[in-house]
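Chain residues, written in single-letter form:
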Amino acid sequence: MLRRFFTPINVKNQYLKYRLPSLLSEMYIIRWFPNSKTDIHYHNGKLCQFMVLNDILHEKRYHNNSNFADNLLRPFTIYSINDDIGAHSVSNNDNKIKWSLHRYR
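First, a word on scope: everything that follows refers to the structure included in this document. If you're wondering where the values come from, they're calculated on a predicted model, not measured in any experiment.

1. Digging into the sheet that holds strand E7 (residues 66-73)
Part 1: Taking strand neighbours across the sheet as the criterion, the four strands line up as E4-E9-E6-E7 in an open arrangement whose pairing is antiparallel. Looking along the sheet, the strands with just one partner apiece sit at the ends: strand E4 (36-37) and E7.
Part 2: The sheet contact formed by strand E6 (residues 57-63) and strand E9 (residues 87-92) spans five bridges and is antiparallel. Looking across to E9, one finds that Arg 61 is bridged to His 88.

Dropping the structure here:
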């Protein structure tokens, strides 16, 4: 359904990112493939706020190149990260598709 209105960005065959129209910030819906994960990454000076829309995703946060937090990301809870907090990676550890909403500003 989203493909009909938005062109997906395929990120390393781990997830599809759909940009939503927004005047004040960058907003995306992400479709996580089963058993997928992001690389460890920063957010280039932006605040990233995100919310899982179904089921649970996993997050690892890093500060000074060491793992300092493992988090379960639960649906309909707003999470945030920026470069001052550190880097992170997000994973879908299950064999089913999951969705999340992300805002960068």
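Next, the rest of the story.
2. Side note on the pairing of strand E5 (residues 48-52)
Strand residues, when the strand is regular, have side chains that alternate between the two faces of the sheet.
Part 1: The element E5 is extensively covered by neighbouring structure, given that five of its five residues are classed as buried.
Part 2: Residues of E5 alternate between two faces, with Cys 48, Phe 50 and Val 52 on one and Gln 49 and Met 51 on the opposite face, all of them buried.
Part 3: Bridging between E5 and strand E8 (residues 79-81) involves three bridges; their strand directions are antiparallel. Looking at the pairing, Phe 50 lines up with Tyr 79 of E8.
Part 4: By the bridge criterion, five bridges tie E5 to strand E10 (residues 98-104) in an arrangement that is antiparallel.

Rules used in this analysis
- Residues numbered from 1 in each chain as written.
- Predicted model: local features only at pLDDT ≥ 70, side-chain atom pairs only at ≥ 80, totals over all residues.
- Heavy atoms only, no water.
- Pairing = 2+ DSSP bridges.
- Helix = DSSP H or I, 4+ residues; strand = E, 2+ residues; numbered from the N terminus.
- Buried < 20%, exposed > 50% of the residue type's maximum accessible area, 1.4 Å probe, protein only.

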